[in-house]
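Each chain, letter by letter, is given below.
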Amino acid sequence: MTYIRVQLGALGLALLTGLAAPPAHAAEDPAAAPTVEERRLDNAAPQEILARSGFATVAPEFVRALGKARSYTQAERVVERQGARLWQRAVDRAQGRGPAGGDLSRDDDRPLYWARLGMTREVRQWEPQFGLTEAQRTRLLGSLEQTSRGQDTIRYPHSKGVKGVKGVKGVKRILVTGFDPFTLDRDIRISNPSGATALALDGTVIETADGPARIETAVFPVRWQDFADGTVERTLRPHLPRVDLFTTVSQGRVGRFDVERTNGAWRGGFGDNENLSRTETIPVTDPASQPQWTSTTLPYKDIVAASTGRFPVYDNTSVTEIPAGGTTPVVRPEGPTAGSTARAGGGGDYLSNEIAYRATLLRDRLGLTASLPGGHVHTPVLQFGTGNTDPASGTVTDPQFIQNRLDIIAQVRSILKVAADVTD
């Protein structure tokens, strides 16, 4: 997620005008109308991405399966099964298993994003004969979000071995998270290298100085409300006490990686994928004990010193604070001062900073600060090739765009190996 340090209004809602009308089977209830994210589906670029990856069939297949449900319980099973199938299909495609489904590069994260929105739109507008309360519809949508993001399939082998590696003990466990594409009203073709990394690395094994390490991943939405509702904590809490290393990952600045030293407890107001803005202290449970800052426990010195790929990697210590007793935000290149109030962490004041803050706060509240390396890594901005920068006339992919994404994925993997190598 790009560095965002200033308050910006919600992104141009006017860009959404002229989209195709909702399908004829849409429910009359306004609450069932497609969301801002779902309405973008009718644009040409998402449709091309779906068609060129084979994922254009996902929503129609889901509708057929959902239509066979004769009760809410059956609908729950369909949603869980189809959501999990979408996640696995996206992971398999990214890792070279099964058919590519088209000529779109396998490392592309966008088919998963747009196919999921096709499914959520169908659930939102579905009116089964057996009746569906809004509470039930909300639960179905929640289940679909969780299963199609890999949030409920984080599983590690037993410590005495790993599949495919004989005679190995003490397999390390690494947890990595990514994000959906965002700022889609600026360029609807956008891909997020952190989401692509999650698909490419899920369930893979890297060799470290102490033997193999298993990586498990999940992807999160770019929506303020989901974070306020606790999606990060629900996903990570069962696993942090059991892993050896975790890293939240998002897209950051052009041409560089950053290991974020400090995370701030502030939402800066930039519009999310629903074009909603939030400017406030990050809402968490037990706010009375909420710190203004949390810190990385990743081995940042080792990561920065290592040769991990073509992009430089920085130890980013800068934050923005209101000093104790002050009223005006001040940039502190060396980190926060005592008693200050957060206005931006190293990773800014958007959802990338927030996932880092929430994950490291959870680590601390679980009593794992001294024993669990964890923090946030910002990737370079994923850029299209020269001559393909105009969303109106450009194509959805190009060779440089693909190579940039592949290089970022490979470098994240190398960074994880460095971190795992020095983790006891």
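Considering the layout of surface pockets
Phase 1: Approximately 750 Å³ is the volume attributed to the largest pocket.
Phase 2: Among the elements of the structure, helix H1 (36–39), helix H5 (110–125), helix H6 (134–148), helix H8 (224–228) and helix H9 (231–236) are those that each provide at least two residues to the lining of the largest pocket.
Phase 3: A total of seven residues in the lining of the largest pocket trace back to one element, the largest contributor, which is H6.
Phase 4: Its residues placed into classes, the lining of the largest pocket shows five nonpolar, nine polar and 13 charged.

Some remarks on the sheet that holds strand E10 (residues 313–316)
Phase 1: Across the sheet, seven strands lie side by side as E2-E3-E1-E4-E14-E5-E10; this open sheet has mixed pairing. Two strands bound the open sheet, and with one partner strand each, they are strand E2 (205–208) and E10. Strand-to-strand twist across the sheet, computed as the mean angle between neighbouring axes with direction ignored, equals 30°.
Phase 2: Summarising the sheet, strand E5 (residues 257–260) and E10 pair through four bridges and their orientation is parallel. Across the sheet, residue Glu 260 finds its bridge partner in E10, namely Asn 316.
Phase 3: With respect to the sheet, helix H12 (residues 399–421) is in contact with strand E1 (172–179), E2, strand E3 (211–220), strand E4 (245–251), E5, E10 and strand E14 (374–379), its orientation differing from that of E2 by roughly 45°.

Some details on the packing of helix H7 (residues 193–201) against H12
Phase 1: In the contact formed by H7 and H12, the axes pass within 9 Å of each other and the chain directions differ by 65°. Handedness of the crossing formed by H7 with H12: right-handed. Contact residues: Pro 193, Ala 196, Thr 197, Ala 200 and Leu 201 in H7; Arg 405, Ile 408, Ile 409, Val 412, Arg 413 and Leu 416 in H12.
Phase 2: Residue composition of the contact of H7 with H12, by class: eight nonpolar, one polar and two charged.

Conventions and cut-offs
Residues numbered from 1 in each chain as written. Predicted model: local features only at pLDDT ≥ 70, side-chain atom pairs only at ≥ 80, totals over all residues. Heavy atoms only, no water. 1 Å grid on protein atoms, 1.4 Å probe; cavity = no way out; pocket = protein on both sides within 12 Å on 5 of 7 lines; lining within 4 Å. Points joined across faces, edges and corners; volume = space filled by probe spheres on them. Helix = DSSP H or I, 4+ residues; strand = E, 2+ residues; numbered from the N terminus. Nonpolar A, V, L, I, M, F, W, Y, C, P; charged D, E, K, R; others polar. Pairing = 2+ DSSP bridges. Axes fitted to C-alpha atoms, helices over the stretch in contact; angles between N-to-C directions. Contact = heavy atoms within 4.5 Å. Left-handed = near helix turned anticlockwise from the far one by under 90°.

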